[in-house]
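For reference, the chains in residue letters:
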Amino acid sequence: MKAFLTVIGRDKVGIVAAISDELFKLNVNIIDITQTIMDDFFTMVVMVDLEKSLKSFDEIKEALRKRGESIGVETRIQREEIFNKMHRI
């Protein structure tokens, strides 16, 4: 299953490293990633593949929430099919 992960917070060193490290620990593959700084705010969108992870979607969501909280950013993950249905014209 694919999903979209968004990360938002005040810019600082180590955000990409911390989030990608957590994805590594969860055995979640990064398919695509984009990031930018908008007026001192770090924003990142990551398309991930959850297929090989041994964790449930809810466990992955919670692990990313905790890791984000520990570094002062907000993380949200959404299944690809939900994302597509929400943005369908």
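See the structure above.
Overview of the structure. A quick note: this is a predicted structure, and the numbers were derived from the prediction, not measured.

1. As for the packing of helix H1 (residues 15-25) against helix H2 (residues 57-71)
Phase 1 of the analysis: One can describe the packing of H1 onto H2 by two numbers: an axis separation of 10 Å at closest approach and a directional angle of 155°. In this view, H1 runs roughly antiparallel relative to H2, as classed from their interaxial angle. The two elements H1 and H2 meet at a crossing, and its hand is right-handed. Contacts between H1 and H2 involve Ile15, Ala18, Ile19, Asp21, Glu22, Leu23 and Lys25 from the first element and Ala63, Leu64, Arg67 and Ile71 from the second.
Phase 2 of the analysis: Along the lines of polarity and charge, the residues of the contact of H1 with H2 split into seven nonpolar, no polar and four charged.

2. Here's the deal with H2
Phase 1 of the analysis: Between its first and last C-alpha, H2 extends 21 Å over 15 residues, near the 21 Å set by a 1.5 Å rise per residue.
Phase 2 of the analysis: Those residues of H2 that fall on the buried side of the exposure criterion are Phe57, Ile60, Ala63, Leu64, Arg67, Gly68 and Ile71. Across the axial projection of H2, the buried residues extend over an arc of 130°, all falling on one side. The exposed set on the far side of H2, more than 90 degrees from its buried face, consists of Asp58, Glu69 and Ser70.
Phase 3 of the analysis: Against the buried residues of H2 lie strand S1 (2-10), H1 and strand S4 (73-79).
Phase 4 of the analysis: Just beyond H2, the residue with positive phi is Gly72, at close to 80°.

3. Section: the side chain of Ser53
Phase 1 of the analysis: The residue Ser53 is located in the loop between strand S3 (41-49) and H2 in this model.
Phase 2 of the analysis: You can call Ser53 buried: its relative accessible area is 11%.
Phase 3 of the analysis: Polar side-chain contacts of Ser53 include one of 3.2 Å to the backbone nitrogen of Lys55.
Phase 4 of the analysis: Residues contacting Ser53, with those up to four places away along its chain left out, are Leu26, Asn27, Val28 and Ile60.

4. Some points on the packing of aromatic side chains
Aromatic ring pairs are reported here in terms of the distance separating the ring centres and the angle at which the planes meet.
Phase 1 of the analysis: By the definition in use, this model includes zero aromatic pairs.
Phase 2 of the analysis: Against the face of Phe57 rests Arg79, its NZ or CZ located 3.9 Å from the ring centre.

5. Brief notes about the nonpolar core
Phase 1 of the analysis: Formed by 21 residues in total, the largest nonpolar core has its most connected members in Leu5, Val7, Ile19, Val48, Leu50 and Ile77.
Phase 2 of the analysis: Elements represented by at least two residues in this core include exactly S1, H1, S3, H2 and S4.
Phase 3 of the analysis: Among the elements that line this core, the one with the most residues is H2, at five residues.
Phase 4 of the analysis: Apart from the residues lying within four places of it in its own chain, the contact partners of Ile77 are Ala3, Phe4, Leu5, Val48, Leu50, Phe57, Ile60, Lys61 and Leu64.

About the cut-offs
- Residues numbered from 1 in each chain as written.
- Predicted model: local features only at pLDDT ≥ 70, side-chain atom pairs only at ≥ 80, totals over all residues.
- Heavy atoms only, no water.
- Axes fitted to C-alpha atoms, helices over the stretch in contact; angles between N-to-C directions.
- Helix = DSSP H or I, 4+ residues; strand = E, 2+ residues; numbered from the N terminus.
- Parallel < 35°, antiparallel > 145°, perpendicular 65-115°, else oblique.
- Left-handed = near helix turned anticlockwise from the far one by under 90°.
- Contact = heavy atoms within 4.5 Å.
- Nonpolar A, V, L, I, M, F, W, Y, C, P; charged D, E, K, R; others polar.
- Expected span 1.5 Å × (residues − 1).
- Buried < 20%, exposed > 50% of the residue type's maximum accessible area, 1.4 Å probe, protein only.
- Arc of directions from axis to C-beta.
- Polar contact = N/O pair within 3.5 Å; in protein donor to acceptor, adjacent residues only side chain to side chain.
- Phe/Tyr/Trp six-rings, centres within 6.5 Å; stacked < 30°, edge-to-face > 60°.
- Lys NZ or Arg CZ within 6 Å of the ring centre and 35° of its normal.
- Core = buried A, V, L, I, M, F, W, Y, C linked by side-chain atoms within 4.5 Å.

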